[in-house]
Amino acid sequence: MLKTGNLTVLFRELVRGALSAQRVESSETTEFYLVKLLEGFARPARGDLLDPPLAIDYLEAFQVPGHQRVGKLRRVADTALFVSGVFFESLEGRLVGADYYAALGRAAYAWLSTESGQHALAEPFEELAGRFPQFVRVLAEISDGELFRRQQDTLRLYKRWLHTRGEREADLLMRRGLIPVAPPQRFRH
């Protein structure tokens, strides 16, 4: 088993590599926050990620005192980001999908950024709220490249590209001989 220090070094290298590969620039504080987020989710003592459901915690957060509110909203935001980036495929066919988790995560990080004021985490919360899809791509890069290395399914890759419009996914599709094209938008009357 790896010691926490080793996890920090490992995740720092993975986050930096993924930020570079996805051409996402971030503050050092946000980079460190992502490292700590991954470290937290690497601990096996965590229960079901989505129990209680994130929407329940989000709504309950506004009914509890400030320190508990911050904890609940952080759980919502961090879990939404982690699930969206690492387990994107598992969201397919569920009652709520990736867009739902992105909206919930963004809202929770946005609230945290405004309520944190001069707190050291105000900057990363604001950055994560404002650029949530970019950081989802960063975690997806880590997941696909290192954490869950496996034969990639072309349909899954295309679906991810449809959701993120990421250059990485488009490049992988083109290397497989496919030109990524989005389906036409339906017209509303």
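As a reminder, the structure under discussion sits directly above these lines.
Values in this document were obtained by computation on a predicted structure and should not be read as measured data. (Residues numbered from 1 in each chain as written. Predicted model: local features only at pLDDT ≥ 70, side-chain atom pairs only at ≥ 80, totals over all residues. Heavy atoms only, no water.)

Undergrad: Would you mind showing me how to read the pattern of salt bridges here?
TA: Two side chains that carry opposite charge are able to pair once their charged atoms sit near each other. Within the structure shown, the criterion is met by seven salt bridges. Across the pair E39 and K36 runs a salt bridge, and its minimum N-O distance is 3.3 Å. Within this pair, E39 and its partner K36 are both found in helix α2 (residues 28-42), separated by three residues, close to a single helical turn. For E39, a relative accessible area of 2% puts it in the buried group. For K72, the salt bridge identified is with D57, shortest N-O distance 3.1 Å. In this pair, K72 is assigned in helix α4 (residues 66-86) and D57 in helix α3 (residues 54-61), connecting sequence segments 15 residues apart. Taking relative accessible area as the criterion, K72 reaches 22% and is therefore assigned partly exposed. Take D57: its relative accessible area is 3%, and that puts it in the buried class. (Salt bridge = Lys/Arg side-chain N within 4 Å of Asp/Glu carboxyl O. Helix = DSSP H or I, 4+ residues; strand = E, 2+ residues; numbered from the N terminus. Buried < 20%, exposed > 50% of the residue type's maximum accessible area, 1.4 Å probe, protein only.)

Undergrad: Can you walk me through the packing of aromatic side chains in this structure?
TA: The description of an aromatic ring pair rests on the distance of the ring centres and on the angle between the ring planes. Overall, the coordinates contain nine aromatic pairs when judged by the stated rule. Residues Y100 and Y101 carry aromatic rings whose centres are separated by 5.3 Å and whose planes lie at 80 degrees to one another, so their mutual orientation is edge-to-face. Judged by its relative accessible area of 6%, Y101 falls in the buried class. The cationic tip of R165 hangs over the ring face of W161; the distance from NZ or CZ to the ring centre is 4.7 Å. (Phe/Tyr/Trp six-rings, centres within 6.5 Å; stacked < 30°, edge-to-face > 60°. Lys NZ or Arg CZ within 6 Å of the ring centre and 35° of its normal.)

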